[in-house]
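Overview (structure and organization)
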Amino acid sequence: MSKTKPFSISTRIVGEAYKRVKANHGAAGVDNESLEDFEENLENNLYKIWNRMSSGSYFPPPVRTVEIEKDETRKRKLGIPTVADRIAQMVVKINLEPNIEPHFHSDSYGYRPGKSAIQAVGKARELCWKNDWVLDLDIKGYFDNLDHEITMMLVRKHTNSKWIALYIERWLKVPAQQEDGTLHDRNKGTPQGGVISPLLANLYLHYAFDEWMQENYPTIPFERYADDIILHCRSEKQAHWIKARIKERLAEFKLELHPKKTKIVYCKDGKRKGNYDNEKFDFLGFEFRPRKAKNKYGKCFLGFIPAVGKGAIKEMYQTIRDWQIQRKTGRTLEGIARHINPIVSGWISYYGSYYKSALYSIMSHINWKLVKWVARKYKRMKGSQRRAAKWLNRIKEKEPSMFAHWLFPYKKMAGQ
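Before going into details, it helps to say that this report is about the structure given with it.

Thresholds, definitions, all that
All residue numbers here refer to positions counted from 1 along the written sequence of the relevant chain. With pLDDT at 70 or above as the cut-off, local features in this predicted model cover only qualifying residues; side-chain atom pairs require 80 or more to be listed or tallied, and sums for whole chains, interfaces and linings still use all residues. The side-chain quantities take in all heavy atoms of the structure and omit both hydrogens and water. Numbering of helices and strands runs from the N terminus; a helix is a DSSP stretch of H or I covering at least four residues, while a strand is a stretch of E covering at least two. Per-residue accessibility, obtained with a 1.4 Å probe over protein chains only, is compared with the maximum for each type, and a residue is labelled buried under 20%, exposed over 50%, and partly exposed between these values. Computed with the Shrake-Rupley method and a 1.4 Å probe, the accessible areas treat only the protein chains shown as cover for residues. Asp and Glu count as negative and Lys and Arg as positive, but His and the ends of the chain are not part of the count. Working definition for charges: the position is that of NZ of Lys, CZ of Arg, CG of Asp or CD of Glu. What counts as a ring pair is set by centres within 6.5 Å for rings of Phe, Tyr and Trp (its six-membered ring), and what kind of pair is set by the plane angle: stacked under 30 degrees, edge-to-face over 60, tilted for all other angles. Two strands form a pair only when DSSP identifies at least two bridges running between them. Simply put, an axis is a line fit to the C-alpha atoms, just over the touching stretch for a helix, and the angle between two N-to-C directions goes from 0 to 180 degrees. When an angle is under 35 degrees it counts as roughly parallel; over 145 it counts as roughly antiparallel; between 65 and 115 it counts as roughly perpendicular; any other value is oblique. Note on definitions: a residue-residue contact is assigned when non-hydrogen atoms from the two residues lie within 4.5 Å. Asp, Glu, Lys and Arg are counted as charged, while Ala, Val, Leu, Ile, Met, Phe, Trp, Tyr, Cys and Pro are counted as nonpolar; the rest, among them Gly, fall into the polar class. Here the nonpolar core consists of buried residues drawn from Ala, Val, Leu, Ile, Met, Phe, Trp, Tyr and Cys, with membership extended through side-chain atoms lying within 4.5 Å. Multiplying one less than the number of residues by 1.5 Å gives the expected span of a helix. Given a residue, its bend is the angle between the two axes fitted to the seven residues that end at it and to the seven that start from it. Two N or O atoms count as a polar contact when they lie within 3.5 Å, although within protein this holds only if one can serve as hydrogen donor and the other as acceptor, and sequence-adjacent residues are included solely when both atoms are side-chain atoms.

On to the overall build of the protein chain, then. Helices and strands together make up the secondary structure of the protein chain, namely 13 helices and 11 strands. Taking the principal axes of the C-alpha coordinates as reference, the protein chain spans close to 75 × 60 × 40 Å. For the protein chain, buried positions account for 51% of its 416 residues. With the model as given, the accessible surface of the protein chain reaches about 21,600 Å², and the carbon-plus-sulfur share is 48%. If you average the places of the 74 positive and of the 47 negative side-chain charges in the protein chain, the two averages end up 9 Å apart.

Even without glycine at this site, Asn32 takes up a positive phi of about 60°. Examined against the element boundaries, Asn32 turns out to sit in the loop between α1 (11-24) and α2 (35-39).

For the rest of this paragraph, the subject is the packing of aromatic side chains. Enumeration according to the criterion identifies 23 aromatic pairs in this entry. Seen in terms of ring centroids, Trp212 and Tyr217 are 5.2 Å apart; in terms of plane orientation they differ by 75°. Their pairing is edge-to-face. The exposure class assigned to Trp212 is buried, which follows from its relative accessible area of 13%. Residue class for Tyr217 comes out buried when judged on its relative accessible area of 18%. One aromatic cluster in this structure is built from Phe286, Tyr350, Tyr351 and Tyr354.

With mixed pairing, the 4 strands of this open sheet are ordered in space as β2-β1-β4-β5. Each having just a single partner strand, β2 (75-80) and β5 (183-184) make up the two edges of the open sheet. Of the pairings in the sheet, the one linking strand β1 (residues 63-69) to strand β4 (residues 176-177) comprises 2 bridges and is parallel in character. Bridged to Val63 within β4 is Ala176.

It is the contact of helix α11 (residues 333-351) with helix α12 (residues 360-377), at a shortest axis distance of 12 Å, that shows an interaxial angle of 170°. The angle between the axes of α11 and α12 places the two elements in the roughly antiparallel class. Seen from α11, the contacting residues are Leu333, Ile336, Ile340, Val344, Trp347 and Ile348; seen from α12, they are Ile362, Met363, Ile366, Leu370 and Trp373. Its residues assigned to classes, the contact of α11 with α12 comprises 11 nonpolar, no polar and no charged.

A few words now on the environment of Glu334. Take Glu334: it is sitting in helix α11. Owing to a relative accessible area of 37%, Glu334 belongs among the partly exposed residues under this scheme. Separated by 68 residues in sequence, Glu334 and Met402 place their C-alpha atoms 7.1 Å apart.

One broad rule of soluble globular proteins: the nonpolar side chains tend to lie buried together. Grouped together as the largest cluster of nonpolar side chains are 70 residues, with contacts concentrated most on Met53, Ile87, Ile168 and Leu231. Looking at which element gives the most residues to this core, the answer is helix α8 (residues 197-216), with 11 residues. Ignoring anything within four residues of it in the chain, the contact list for Leu231 reads Trp133, Val134, Leu135, Leu137, Phe209, Met213, Ile220, Pro221, Phe222, Ile242 and Ile246. Core analysis: the second largest hydrophobic core is formed by 55 residues, Ile313, Ile336, Ile348 and Met381 among them.

So, on to the pairing of strand β10 (residues 286-294). Direction of pairing for strand β9 (residues 281-283) relative to β10: antiparallel, over a ladder of 3 bridges. What sits directly across from Phe283, in β10, is Phe286. Linking β9 back to β10 in an antiparallel pair, the connection comprises 2 residues, with Leu284 at a positive phi of about 55°. Looking at chain direction, β10 and strand β11 (residues 300-308) are connected through 9 bridges and run antiparallel. If you follow Pro290 over to β11, its bridge partner there is Phe304. Hairpin connection from β10 to β11: 5 residues lie between these consecutive antiparallel strands, with Gly298 at a positive phi of about 85°.

This part takes up helix α4 (residues 83-100). Under the 1.5 Å per step criterion, the end-to-end length of α4 is 25 Å for 18 residues, consistent within 8% with the ideal 26 Å. Along its length, α4 reaches its greatest deviation from straightness, about 30°, at Ile94, and the proline Pro98 lies no more than four positions downstream.

Turning our eyes to something else, we now look at the side chain of Gln89. By the secondary structure assignment, Gln89 is in helix α4. Within the structure, Gln89 has its side chain in polar contact with the backbone nitrogen of Val195 (distance 2.9 Å).

So, in structure tokens, the structure goes:
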């Protein structure tokens, strides 16, 4: 490492940053350079990043803006940095995160080491049993509205490193390139899709919300995953009261609650009587609402329980359609299994954590697609889906672990 460089940045950290970015995959940025392209001249490319960051001459290129569907009515804008810029951001994250992470609240679950979305769902489930009411917070355009001056003040609170502050400030201000190539300057927000953005977003809400709640209202529990926040209240009156306080607090950080999407929900179950307009809410792909269930003694009861949400189900059906399994007659059954198993295993691992029966339709639908594939592939089936289903069931009995969903206890369709 050269002693003439104004900033002391380890080449080893740059190499580690590359490995983490590679593990996360990701699309190309405005330069259209893929990770594979970057690796064709890997040593030289990593040296350029280190050299420019160490000398203070690293300036991030614009982020590529893409839109993805958030739900049926909304789209989310993502800002995709280049591969090189993702590595540079990871260098800063590796150096800054250890300074910030110990200060975060125990019920902040998003984008943190050792924390996960399913842990947040489990905590919400537990607290819904103990508290009758929920305040489901929706912060309007959170990532797009972080105040840059406040963000930098909070960053400097946790580091005296000039180069970390310098590059974070440049990333905050970097323009966004639209799909038509036009550049839009930004005076607030952090690109959702950047490597450093989740850490900055967590830092911002830690001071805007988590720490403030802990200091002022420690008896009102919550769980937060990035900007998805659920509070648990003892009464409807308390929920309305704390909502007003939070609205005032967020305004100090130049944030606002979405007036229509923020709602107060009654956690109705067999013991909680009365009817209210809102008796369900969505959190991290799960829908919490009253559901019939059985206890360990086989007795039915009505509980306020999470299960895979309608939006997640819709996305899974779309993914299955995109696979076009029935058209892949050139593939083997084993080849199809290798292709879809990682995705299906992820669905089962996450959404099967609570109320597994809500996934039955998805598992059965995958099998239906496989039956259609068999009926098309083998002439002896003569297009008979009943014969194809029987054939597929024989394969399942011989090799039950071939497909991830075959190990899941879904209900069979007629003919299977």
